[in-house]
Amino acid sequence: MARKFPMNQEKDSNAAFFFLFLYTASTLIRPHEMFQASVDWIVIKVFAIIAFCLVLVAQRPLKLYPQHWMLLALLPFIIMSGFLNGSGMFGIEEAQQLLISAIIPLFLMSACITTIKRQHILMIVCLVAALLMVHNGHVQQTAYEGFGWALHTHSVGYIDLGERRITYLGFFNDPNDLGMFLVMNLPFAMYFYCKGKFSVKLIMLATLCALGYGIYLTGSRGSMLGAGGVIGIYLLVVNAGPKLFISVVLLAPIAATVIASLQSSIDSSASGRLEAWYAGIQMLMANPIFGVGKGQFFDHHGLVAHNSYIHVAGELGVPGYSLWGGALIFTVLTGYLFIKASKMKKDTEAAASKTAIDEDKDIAFENERLLNKTLFFSMIGFMITGFFISRMFTLTLFIFMGMTIASHIRMVKVSPEYQEYFTSTLAFRSMGYCWVVIVAVYISLKLGL
């Protein structure tokens, strides 16, 4: 399942995690961009390089898991696709960008977050960043000219008509990116609410209200659907059996296409979205092996796909989409299988007599189980939101995916029998499962929904 590096003795680098913490905080909160004097500082790159070097030197064991291999396999494929589509140097630049903004952060997260305490720290960083974004957005909403307190942040939309879609710094300068991040933080707030005492519960209730308010201020329909979808999937996972859950998952892309189709009769942007989806599928069918090239969708259609799955399939063809979609589906599917297996294990062992050692193991298992469940719903938030916006290679995805992989690694360490749900075999199957989304959208579009 995973290739091991030399020197596999257990070594856990606190320094590597410290710089990963600085990298995560600077990436999400972006404090250096709040002031004119430091706006051009390259602190994010510096922290990433130092963390990466420390991991290679001081962290053991080091392993590459299926998601790492899938994304690494995309690098030469993107370059080759670029050359075959007449933009070789652009393909090299896109591959380099994927390495920097996806693969390295993913590897750092999965390698360094070796304890629940570390996981909690980064979750708190995410929530703090989200609250700062919402507060800055509130200032944008109430300010006469739409400026926030963060440097150069400005709401977008037709302000004269009362449309103010909030933004933040860096890659969160698009309301859709900001909204997706807020949606993916909803499970974090719920996790701390369930785990905390009275004062923590009050803080998390206020946080949930703030996140909901922020999602509304983004004006992103995809983010709003993502928030509702996370709640719906939660109810399904908790209350429904596996067959019903799988059926809903299979039908969800069709239902989403129907929603977009119904909107298209009253909303020109929804109509344009459906046309972009169809154009993406036509790109896939015309160039099934290498697609039209990463970053070339806009040049061929004039708009982005407004659907992460269609966008990747159109740009990278069957192999490229299988690798990207396989990494995503494998991460989410493993989380779901862990949830169902842990529920069965909990029910089976509930009545068993236990020693003090067994009790300690049960506590560790329960803590990991709750974290795995939380991160699963965060990834579901991305999957639903990503169906309505093109954010397939956003850093947000790979930060959360890395945290989820780290949770799976710890879960297997606590309960080795879970190794059967975290294998290369399931990874290869996931590369096939990811095509359910494309096929469902294609059938829906062909039927004229």
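Definitions and cut-offs
The numbers attached to residues start from 1 for each chain and follow its sequence in the written order. Restriction of local features to residues with pLDDT of at least 70 applies here, the model being predicted, together with a cutoff of 80 or more for giving and counting side-chain atom pairs; totals for whole chains, interfaces and linings are based on all residues. Only heavy atoms go into the side-chain values, all of them from the structure, while hydrogens and water stay out. Between rings of Phe, Tyr and Trp, where Trp is taken as its six-membered ring, a pair exists when centres lie within 6.5 Å; planes separated by under 30 degrees are stacked, by over 60 edge-to-face, and by other angles tilted. Secondary structure elements follow DSSP: runs of H or I of four or more residues count as helices, runs of E of two or more count as strands, with numbering from the N terminus. Categorising residues by exposure relies on relative accessible area from a 1.4 Å probe, with only protein chains included: less than 20% of the type maximum marks a residue as buried, more than 50% marks it as exposed, and the intermediate range marks it as partly exposed. Sitting over a ring, as applied to charges here, requires NZ of Lys or CZ of Arg to be within 6 Å of the ring centre and within 35 degrees of the ring normal. Whether two residues touch is decided by their heavy atoms; if any such pair falls within 4.5 Å, the residues are in contact. Residues enter a patch when their relative accessible area is above 30% and they make no salt bridge; the linking distance is 9 Å between like charges and 5 Å between nonpolar side chains (Val, Leu, Ile, Met, Phe, Trp, Tyr). Exposure was quantified through the Shrake-Rupley algorithm and a 1.4 Å probe, taking into account, for residues, occlusion by the shown protein chains and nothing else. We define a salt bridge as a contact between a side-chain nitrogen of Lys or Arg and a carboxyl oxygen of Asp or Glu at a distance within 4 Å. The term nonpolar core refers to a set of buried residues drawn from Ala, Val, Leu, Ile, Met, Phe, Trp, Tyr and Cys, joined through side-chain atoms within 4.5 Å. Picture the helix axis, draw a direction to every C-beta atom, and the arc is the one those directions span. One less than the residue count of a helix, multiplied by 1.5 Å, gives the span that helix is expected to have. We call two N or O atoms a polar contact when they sit within 3.5 Å, provided that within protein one can donate a hydrogen and the other can accept it, with sequence-adjacent residues counted only if both atoms are side-chain atoms. Inter-axis angles, ranging from 0 to 180 degrees, are taken between N-to-C directions of lines fitted to C-alpha atoms, where helices are fitted over the stretch in contact. Here the angle decides the label: under 35 degrees means roughly parallel, over 145 means roughly antiparallel, 65 to 115 means roughly perpendicular, and every other value means oblique. By definition, any crossing whose near helix is turned counterclockwise from its far helix by less than a right angle is left-handed, and any crossing with a clockwise turn is right-handed. Any residue outside Ala, Val, Leu, Ile, Met, Phe, Trp, Tyr, Cys, Pro, Asp, Glu, Lys and Arg is labelled polar, Gly included; the first ten of those are nonpolar and the last four are charged.

A. The packing of aromatic side chains, seen in detail. Overall, the coordinates contain 24 aromatic pairs when judged by the stated rule. Taken together, a centroid distance of 6.2 Å and an interplanar angle of 45 degrees make the contact between Tyr309 and Phe387 tilted. With Tyr309 in helix α12 (residues 308-349) and Phe387 in the loop between α13 (356-386) and α14 (395-414), this pair connects stretches of sequence that are 78 residues apart. For Tyr309, a relative accessible area of 3% corresponds to the buried category. The structure contains a cluster of three or more aromatic residues connected by ring pairs, namely Trp277, Tyr309, Tyr321, Trp324, Phe387, Phe388 and Trp435. Looking at Lys201, its charged tip hangs above the ring of Tyr193, at a distance of 4.5 Å from the centre. Seen from the ring of Phe393, Lys294 lies directly overhead, with NZ or CZ sitting 4.5 Å from the centre.

B. The arrangement of the side chain of Ser407 in detail. Turning to its location among the elements, Ser407 is positioned in helix α14. Among all residues touching Ser407, those that are not within four sequence positions of it are Glu368, Leu371, Asn372 and Leu375.

C. The arrangement of a nonpolar patch on the surface in detail. Together, Phe83, Met89 and Ile92 line one region of the surface with nonpolar side chains, adding up to about 310 Å² of accessible area. Structurally, Met89 can be placed in helix α4 (residues 88-112).

D. Main features of the environment of Met383. Structurally, Met383 can be placed in helix α13. By relative accessible area, Met383 is classed as buried at 16%. Residues contacting Met383, with those up to four places away along its chain left out, are Tyr309, Leu328, Ile329 and Val332.

E. How the structure looks around the environment of Thr404. By the secondary structure assignment, Thr404 is in helix α14. Here the alpha-carbon distance between Thr404 and Met379, two residues 25 residues apart in the chain, equals 8.2 Å. Apart from the residues within four sequence positions on either side, Thr404 is in contact with Thr331, Leu375 and Met379.

F. Up close: the nonpolar core. Residues Tyr321, Trp324, Leu328 and Met403 are the most contacted members of the largest nonpolar core, which totals 132 residues. Per-element accounting of this core gives the leading share, 17 residues, to α12.

G. A look at helix α15 (residues 424-433). All buried positions along α15 are accounted for by Leu426, Ala427, Ser430 and Met431. Projected onto a plane normal to the axis of α15, the buried residues spread over an arc of 155 degrees and lie on a single side.

H. Structural detail: helix α6 (residues 175-195). For α6, spanning 21 residues, the distance from its first C-alpha to its last is 31 Å, which sits close to the expected 30 Å at 1.5 Å a residue. Among the 21 residues of α6, 17 are classified as buried, and the element is accordingly described as predominantly covered. Where α6 begins, the capping side chain belongs to Asp174, and its oxygen is found 2.7 Å from the backbone nitrogen of Asn176.

I. Structural view of the packing of helix α5 (residues 116-142) against α14. With their axes 11 Å apart at the nearest point, α5 and α14 run at an angle of 160 degrees to one another. If you check the angle between α5 and α14, you find them roughly antiparallel. Crossing of α5 over α14 shows left-handed handedness. Across the interface between the two elements, Ile116, Gln119, Leu122 and Cys126 of α5 pack against Phe400, Met403 and Arg410 of α14. When the residues that make up the contact of α5 with α14 are grouped by side-chain class, the tally is 5 nonpolar, 1 polar and 1 charged.

J. Local environment of the environment of Phe298. Summarising the element assignment, Phe298 is placed in helix α11 (residues 297-301). With a relative accessible area of 46%, Phe298 lands in the partly exposed category. In sequence terms Phe298 and Ala276 are 22 residues apart; their C-alpha atoms lie 9.7 Å from each other. Among all residues touching Phe298, those that are not within four sequence positions of it are Leu303 and Val304.

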